[in-house]
Amino acid sequence: MAQTTAEPAARPAGSSRSSGVAGLVGLGAGIAVLIAAGLTALTGARPAEALGLPDPGELTTVGLPAVRAFAQVSMVTTIGALLLAAFLAPPQRSGYLDVAGYRAVRVGSYAAALWAACALLLIPLNVADALGRPVSDVLDIGLLGTLVPKLAAGISWTLTALIALLVMVGCRLVLSWGWSVVVFGLAVAGPLPVALTGHSAGGGAHDVATNSLVLHVLAAALWVGGLIAIVAVATGGAGPDRKSVLATAVPRFSRLALVCWVALAATGILNALVRIPLGDLLGSTYGWLIVGKMVALVVLGALGAAHRRRSVDAAARGETGALVRLGAVEVLIMLGTIGLAVALGRSAPPQRPSGPPSVTEVLIGYDLYGPPTIARLLFDWRFDLIYGSLAIAGALIYLAGVRRLRRRGDAWPTGRIVAWLSGCAVLLIATSSGIGRYSPAMFSVHMSGHMTLSMLAPILLVLGAPMTLALRALPVAGKTAPPGPREWLLAAVHSPAARWLTHPLIALALFVSNFYILYFTSLFALALREHWAHVAMNAHFLLVGTLFFWPLIGIDPAPRRLAPIARLAVVFAAVPFHAFFGIALMSTKTVIGETFYRGLALPWVPDLLHDQQVGGGVAWGSGELPILLVVIALVVQWSRLDERSARRDDRRADADGDADLKAYNAMLRRLATGSATSTAQEPDPTDVTTASTRDERSTNGDADDPSSAAQVGVSARQMAGGRDGTPNDHADDARPLVAGNDLDETSR
């Protein structure tokens, strides 16, 4: 019998290219580790010695930055893979991930596992570094369990490890587009514990330093991780649909990369100016590391410009040669810059010529120069980098949407513009004016900011109808095109989470309980010393207020529609709880956060209990104006609903010859005479026009009735957008990705 030798099957080209991307990332990770550990060793950075602690040994001194650099590389790879699955690679029409998205989440699971392992290793390394002991001396579960809760670095890396493990599990389970977005959001939260408690969180100006570092780290993670994912797709890591994925992913990432580069440059410069004077930039190791990062950022900006000229359009057509070549160089520089950043975090900035910071500056990040007079509250500004930037960006984006509508001939009510811009102004004033400056140091001013962020700003913002504007200004993706920002927004509005959170009872419970849980437990006292807690509190106030007022007075499409009388009932149900909270604050004899406020020892606040009682009065009295605005808005909306109902009835009567009135009169005659009504006096059931009108009315409701609009599927004309119902090439599109709902309010 003749023997035949089976030749080995040829490996797919994509697999070898994908392994090449893994090698590229591995090489970049090695460069980052060498730079981080090497610069730490060469510069002699010894944070423990600077604090008067003994040297923890070379293993801890060099191993900590090396492991942290590898953790950062794993982190950005995880975030980039999930960014590709969630927003860059189009899903299937059924809502499940396509080949590229599925591969991306699998890669994300492996990267998240490495991220979690590094985070776990960093827990004992940071404990050893903080104690000035060799790492072998702290490798005891009982000892770590005692020490980790007492160290900010130990807590932050424990939280990071937990988030990374959850991301890893999520990546192994996720199959649908919606859940990939959830896991991506969880991964983006992963860098926050370390960024919010790192070296920028201590000392003077730590509010600006921490806020800028948070934005810096998030922008870097999206940019670096996204580029790694794009290069992986370009080298074949997307399956047979690689060309279509590139056509969508590359232009989207190019726009995102430009935003990230600008954010990196701005926040990096700001953080550096907070930490080191310009004159010391070239006179210290810390300054030289900053210069190195700045040079790398300039080089990366030049490479990004080259990408936009040479590779973006070509890669969108499937020609990936230039993208892969430039992208590989860019990835290596980016990962090397991560090593520089880790080494910078291990170095101490030079001492300020003005001497050590004051107690007030250490506790809240800056000094206060007098009592909060009206002039200081109005004009003594300290710009909040997170919420101030959010307010300005929100106003500019909103105006850009209005401009787009008006350029194509569509109208947009001036009242909505005024409401939105007023809400953005209120957010800016509450966080960046004297109110925001004095809020961390005085309970009364803090309560003023709380009431403003949770009641006044959300009311104005929801009356601006931002989602309605976005749904009209953003283009419809169409049948064959991948879903875009408009479809993402609709999916978020109609998601189960949004439907649950906007339930009247849930929203009311969240809105009311946040006052009592925060201030009548130890939570507020624990949060006073932490800058990240102040950031989280402001986010909580704004979010809970928006969730409460959106379904009540919002113009935007909402998962739930209540009748006007029900909305008014929910509003008045919250009033007693709000008033009782203010009275309880004014009546209590215990100072909330007494240890922190006494540590500040502000000379113009001799009586902390009186300041707290003033805050209670603010909480009690500040609800009147917002409630009045809500009632006025509800009355106006109720009146307009009646007008629309009257116009609808008139159109119905014109269409069917007043059939309802004739049927009603016939019924009265039948009741009065006790005899059958002649068929001539009743609507003819065989009349096609009348019957079809009745059927359409009974099944579809009326386009002018928002209460019925929330119950039926979106029509083709409404999906096309536009007040005048102008036909659209994609008017019959109904994306399975987006839950069906009527968008009548988007055309008003």
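Remember, it's a predicted structure, so these values are computed and weren't measured experimentally.

Draft legend 1. Structural detail: the overall build of the protein. For the protein, the helix and strand inventory stands at 32 helices and 0 strands. Looking at the protein residue by residue over its 748 residues, the buried ones come to 48%. Summarising the internal contacts of the protein: among those between residues at least 6 apart in sequence, 78% fall at separations of at least 24. Working note: accessible area of the protein is about 34300 Å², and carbon and sulfur atoms make up 67% of it.

Draft legend 2. Quick peek at the environment of Leu-368. You can see Leu-368 is positioned in the loop between helix H13 (359-364) and helix H14 (374-379). Residues Leu-368 and Arg-437, 69 residues apart in the sequence, show an inter-C-alpha distance of 8.3 Å. Discounting chain neighbours no more than four positions away, the residues touching Leu-368 are Thr-360, Arg-437, Tyr-438, Ala-441, Leu-602 and Trp-604.

Draft legend 3. Layout of the pattern of salt bridges. Counted under the stated rule, the structure contains 7 salt bridges. Between Asp-129 and Arg-346 there is a salt bridge, and its shortest N-O distance comes to 3.2 Å. Of the two residues, Asp-129 is situated in helix H4 (residues 99-131) and Arg-346 in the loop between helix H12 (321-345) and H13; the sequence distance between them amounts to 217 residues. The pair Asp-129 / Arg-346 is uniform in exposure class, with both members buried.

Draft legend 4. Molecular detail of the environment of Gly-292. You can see Gly-292 is positioned in helix H11 (residues 285-316). Taking the C-alpha atoms as reference, Gly-292 lies 8.3 Å from Thr-337; in sequence the two are 45 residues apart.

Draft legend 5. Main features of the packing of helix H19 (residues 466-473) against helix H20 (residues 485-493). It is the contact of H19 with H20, at a shortest axis distance of 9 Å, that shows an interaxial angle of 145 degrees. Crossing of H19 over H20 shows left-handed handedness. Only Arg-486, Leu-489, Leu-490 and Val-493 of H20 make contact with H19, whose side of the interface consists of Met-467, Ala-470 and Leu-471.

Draft legend 6. The arrangement of the packing of aromatic side chains in detail. Across all of its chains, the model carries 16 aromatic pairs by this definition. Between Tyr-516 and Phe-581, the ring centres sit 5.7 Å apart and the planes meet at 75 degrees, which makes this aromatic pair edge-to-face. Of this pair, Tyr-516 sits in helix H22 (residues 504-519) while Phe-581 sits in helix H25 (residues 564-587); the two residues are 65 residues apart in sequence, bridging distant segments of the chain. What makes Phe-581 buried here is its relative accessible area of 0%. With a centroid separation of 5.6 Å and an interplanar angle of 70 degrees, the aromatic rings of Phe-596 and Tyr-597 are classed as edge-to-face. The exposure class assigned to Phe-596 is buried, which follows from its relative accessible area of 3%.

Draft legend 7. Representation of unusual backbone geometry within the structure. Located in the positive-phi region is Ala-465, a residue other than glycine, with phi close to 55 degrees. Summarising the element assignment, Ala-465 is placed in the loop between helix H18 (443-463) and H19. By relative accessible area, which is 0% here, Ala-465 ends up buried. We note that Ala-601 has phi near 50 degrees; this positive angle belongs to a residue other than glycine. By the secondary structure assignment, Ala-601 is in the loop between helix H26 (594-600) and helix H27 (608-621).

Draft legend 8. Inspection of the side chain of Ser-432 at higher detail. Position of Ser-432 among the secondary structure elements: in helix H16 (residues 414-432). The exposure class of Ser-432 is buried, given its relative accessible area of 0%. Among the polar contacts listed, one links the side chain of Ser-432 to the backbone nitrogen of Asp-384, at a separation of 2.9 Å. Setting aside residues no more than four positions away along its own chain, Ser-432 makes contact with Trp-381, Arg-382, Phe-383, Asp-384 and Gly-388.

Draft legend 9. Quick peek at the confidence of the model for the protein. Predicted confidence across the protein gives a mean pLDDT of 81, with 81% of residues reaching 70 or more. Low pLDDT, under 50, characterises residues 676-748; the predicted model gives this stretch 121 contacts beyond four residues in sequence or across chains.

Draft legend 10. Region of interest: a nonpolar patch on the surface. A contiguous nonpolar surface patch, about 350 Å² in accessible area, is contributed by Leu-625, Leu-628, Ile-632 and Val-636. Counting through the fold element by element, Ile-632 comes out in helix H28 (residues 624-656). Judged by its relative accessible area of 45%, Ile-632 falls in the partly exposed class.

Draft legend 11. Region of the structure containing the nonpolar core. One finds Tyr-519, Phe-524, Phe-548 and Ile-553 to be the most contacted residues of the largest nonpolar core, which totals 79 residues. Ignoring any residue separated from it by four or fewer positions in sequence, one finds Ile-553 in contact with Ile-459, Val-462, Leu-463, Val-630, Ala-633, Leu-634 and Gln-637. Residues Ala-85, Ala-100, Val-167 and Ile-230 belong to the second largest nonpolar core, which totals 66 residues.

Draft legend 12. Just H25, in detail. The end-to-end C-alpha distance of H25 is 36 Å, a good match for the 34 Å that 24 residues give at a rise of 1.5 Å each. Taken together, the buried positions of H25 are Pro-564, Arg-567, Val-570, Val-571, Ala-574, His-578, Phe-581, Gly-582 and Leu-585.

Draft legend 13. Structural context of helix H3 (residues 58-88). Under the 1.5 Å per step criterion, the end-to-end length of H3 is 43 Å for 31 residues, consistent within 8% with the ideal 45 Å. Buried residues dominate H3, accounting for 24 of its 31 residues.

Draft legend 14. Spotlight on the environment of Ala-569. Tracing the backbone through its elements, the reader meets Ala-569 in helix H25. Counting along the chain gives 17 residues from Ala-569 to Leu-552, while the straight-line C-alpha distance between them is 9.9 Å.

Draft legend 15. Geometry of the packing of H18 against H22. Packing of H18 against H22 brings their axes to within 12 Å, and their N-to-C directions diverge by 160 degrees. The pairing of H18 with H22 is recorded here as roughly antiparallel in orientation. Here the hand of the crossing between H18 and H22 comes out right-handed. On the side of H18, the interface is formed by Phe-443, His-446, Met-447, His-450, Met-451, Ser-454 and Met-455, while H22 contributes Phe-511, Asn-514, Phe-515 and Tyr-519. Residues that form the contact of H18 with H22 fall into these classes: 7 nonpolar, 4 polar and no charged.

Cut-offs applied
- Residues numbered from 1 in each chain as written.
- Predicted model: local features only at pLDDT ≥ 70, side-chain atom pairs only at ≥ 80, totals over all residues.
- Heavy atoms only, no water.
- Helix = DSSP H or I, 4+ residues; strand = E, 2+ residues; numbered from the N terminus.
- Buried < 20%, exposed > 50% of the residue type's maximum accessible area, 1.4 Å probe, protein only.
- Contact = heavy atoms within 4.5 Å.
- Areas by Shrake-Rupley, 256 points an atom, 1.4 Å probe, with all protein chains shown as cover.
- Salt bridge = Lys/Arg side-chain N within 4 Å of Asp/Glu carboxyl O.
- Axes fitted to C-alpha atoms, helices over the stretch in contact; angles between N-to-C directions.
- Left-handed = near helix turned anticlockwise from the far one by under 90°.
- Phe/Tyr/Trp six-rings, centres within 6.5 Å; stacked < 30°, edge-to-face > 60°.
- Polar contact = N/O pair within 3.5 Å; in protein donor to acceptor, adjacent residues only side chain to side chain.
- pLDDT = per-residue confidence, 0-100.
- Patch = residues over 30% accessible without salt bridge, like charges linked within 9 Å, V, L, I, M, F, W, Y side chains within 5 Å.
- Core = buried A, V, L, I, M, F, W, Y, C linked by side-chain atoms within 4.5 Å.
- Expected span 1.5 Å × (residues − 1).
- Parallel < 35°, antiparallel > 145°, perpendicular 65-115°, else oblique.
- Nonpolar A, V, L, I, M, F, W, Y, C, P; charged D, E, K, R; others polar.

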